[in-house]
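Below are the chains, spelled out letter by letter.
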Amino acid sequence: MRPFPPPELVWAPGVSYLHVYALPAAHRNIGLAELISQSRAVAADTCGALVPVADQWLHATVQMIAVPAAHLDLPCREALTAALSAQLADVPALDLTVGPPLCGTGGVVLDATAVQGAGRASDGPWRALRDRTEEAIRQVIGDRGLNYDPGPPHISVAYAARDADSGPVQSSLQRIRPGRARWRVDAVELLDVVQDADAHTYTWRPVARIPFGECLQPAGGGRRARMADLIGPDLR
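Residues numbered from 1 in each chain as written. Predicted model: local features only at pLDDT ≥ 70, side-chain atom pairs only at ≥ 80, totals over all residues. Heavy atoms only, no water.

Structural notes on the overall build of the protein chain
Of regular secondary structure, the protein chain possesses 5 helices and 10 strands. When each of the 236 residues of the protein chain is scored for burial, the buried share is 45%. The contacts in the protein chain between residues at least 6 apart in sequence include a share of 78% that link residues at least 24 apart. (Helix = DSSP H or I, 4+ residues; strand = E, 2+ residues; numbered from the N terminus. Buried < 20%, exposed > 50% of the residue type's maximum accessible area, 1.4 Å probe, protein only. Contact = heavy atoms within 4.5 Å.)

Structure representation (structure tokens):
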């Protein structure tokens, strides 16, 4: 393992970036909560080599907007929220299989794979979600907002804090049973994300919550969500 983030991914001091995340509500999913808890327990038993991620900061990155958040004013954020809502208006909920936990170069992650008909695993539904998200970003900000590859869908449960051998950690992770859990994603969050590279943490200020269109409940006789309904509490 090597410290995460690596130097090339460290942001300038005081700079934050808007991200679109899917947030796992582990408190509503006993199987996922147990898998995360066991994985974090392994990470915590590494004499500081790994920094576990607290429940409120667990996430899977759909996409990062590669323009400093300070350059995106309220009208821009409202336009981005509207564009995301329009792009995701007919997206169904995604059922994902999460796990088994893996210890890689940057820490401990739970890979996530979509489950389609007949139980087939596929990255297609998540890829479609990312494509729709990127189109919304492109419509409002242009291609300059798209300069980041978040990789395959995953939840990081611990970040590496120093150089260490990942072998013993992986051996412990392999003993976790059950090693997989289900996760239903029915919304994404637009968030102003803050990186603390020294503490190996990512925290955020909420901007908007965007439910998938097929998961929206009619409000006041209509299907359209109000901006006020999409703003969540500040979790910092």
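Moving on from the coordinates now.
Points about the sheet that holds strand E9 (residues 187-196)
Strand order across the open sheet formed by 4 strands is E3-E1-E9-E10, with antiparallel pairing between neighbours. Both outer strands of the open sheet, strand E3 (60-68) and strand E10 (201-211), are each paired with one neighbouring strand and no more. Averaged over neighbouring strand pairs, the angle between their axes works out to 25° when direction is ignored. Pairing between E9 and E10: 10 bridges, direction antiparallel. Bridging from a neighbouring strand, valine 188 pairs with isoleucine 210 of E10. Packed on one face of the sheet, helix H3 (residues 124-141) meets strand E1 (17-22), E3 and E9 and runs near 15° to E3. (Pairing = 2+ DSSP bridges. Axes fitted to C-alpha atoms, helices over the stretch in contact; angles between N-to-C directions.)

What to know about the layout of surface pockets
Empty space among the atoms becomes visible once a probe the size of a water molecule is rolled across them. Roughly 760 Å³ of internal volume is contained in the largest pocket. Lining the largest pocket are 34 residues; nearest its centre among them are Phe4, Leu9, Tyr148, His154 and Tyr202. Every element with two or more residues in the lining of the largest pocket is listed here: E1, E3, strand E5 (107-115), strand E7 (154-160) and E9. Here the lining of the largest pocket is built from residues that sort into 19 nonpolar, 11 polar and 4 charged. (1 Å grid on protein atoms, 1.4 Å probe; cavity = no way out; pocket = protein on both sides within 12 Å on 5 of 7 lines; lining within 4 Å. Points joined across faces, edges and corners; volume = space filled by probe spheres on them. Nonpolar A, V, L, I, M, F, W, Y, C, P; charged D, E, K, R; others polar.)

Overview of the confidence of the model for the protein chain
Per-residue confidence for the protein chain gives a mean pLDDT of 89; residues scoring 70 or more make up 87%. Of the regions scoring below 50 in pLDDT, residues 216-236 engages in 32 contacts with residues more than four places distant in sequence or in other chains. (pLDDT = per-residue confidence, 0-100.)

Focus on helix H2 (residues 74-87)
The terminal C-alpha atoms of H2 lie 20 Å apart, and with 14 residues this matches the ideal 20 Å at 1.5 Å per residue to within 8%. For H2, the complete set of buried residues consists of Cys76, Arg77, Leu80, Thr81, Ala83, Leu84 and Gln87. One face of H2 carries all of its buried residues, which in axial projection span an arc of 165°. Every exposed residue of H2 that faces more than 90 degrees away from the buried side is listed here: Leu74, Pro75 and Ala86. (Expected span 1.5 Å × (residues − 1). Arc of directions from axis to C-beta.)

Considering the environment of leucine 9
Summarising the element assignment, leucine 9 is placed in the segment before E1. C-alpha of leucine 9 to C-alpha of alanine 197: the two residues are 188 residues apart in sequence and 9.1 Å apart in space. Residue contacts for leucine 9: discarding those within four places in its chain leaves Phe4 and Gln195.

Some points on the packing of aromatic side chains
Following the criterion strictly, the structure yields 6 aromatic pairs and no others. When the centroid spacing of 5.0 Å and the interplanar angle of 70° are considered together, the rings of tryptophan 11 and tyrosine 17 count as edge-to-face. Classification of tryptophan 11 by relative accessible area gives buried; the value is 15%. Following the ring pairs from residue to residue traces out a cluster consisting of Phe4, Trp11, Tyr17, Tyr159 and Tyr202. (Phe/Tyr/Trp six-rings, centres within 6.5 Å; stacked < 30°, edge-to-face > 60°.)

Focus: H3
Its 18 residues give H3 an end-to-end C-alpha distance of 25 Å, which sits within 8% of 26 Å, the value for a rise of 1.5 Å per residue. Of the positions making up H3, those classed as buried are Trp126, Leu129, Arg130, Thr133, Glu134, Ala136, Ile137 and Ile141. The arc that holds every buried residue of H3, seen down its axis, measures 155°, which confines them to one face. The inward-facing, buried residues of H3 contact E1, E3, H2, strand E4 (94-103) and E9. One or two residues past the end of H3 sits glycine 142, with phi positive at roughly 90°.

With respect to the side chain of threonine 133
With respect to the helices, strands and loops of the structure, threonine 133 is situated in helix H3. Excluding anything up to four places from it in sequence, threonine 133 contacts Val20, Val62, Gln63 and Leu84.

Notes on the nonpolar core
Most often, soluble globular proteins have nonpolar side chains that are buried together. Ranked by internal contacts, the top residues of the largest apolar core, which has 66 residues, are Trp183 and Leu190. Aside from chain neighbours lying at most four places away, what touches tryptophan 183 is Ala22, Leu23, Pro24, Asn29, Leu32, Ala60, Leu94, Asp95, Leu96, Val98 and Ile155. (Core = buried A, V, L, I, M, F, W, Y, C linked by side-chain atoms within 4.5 Å.)

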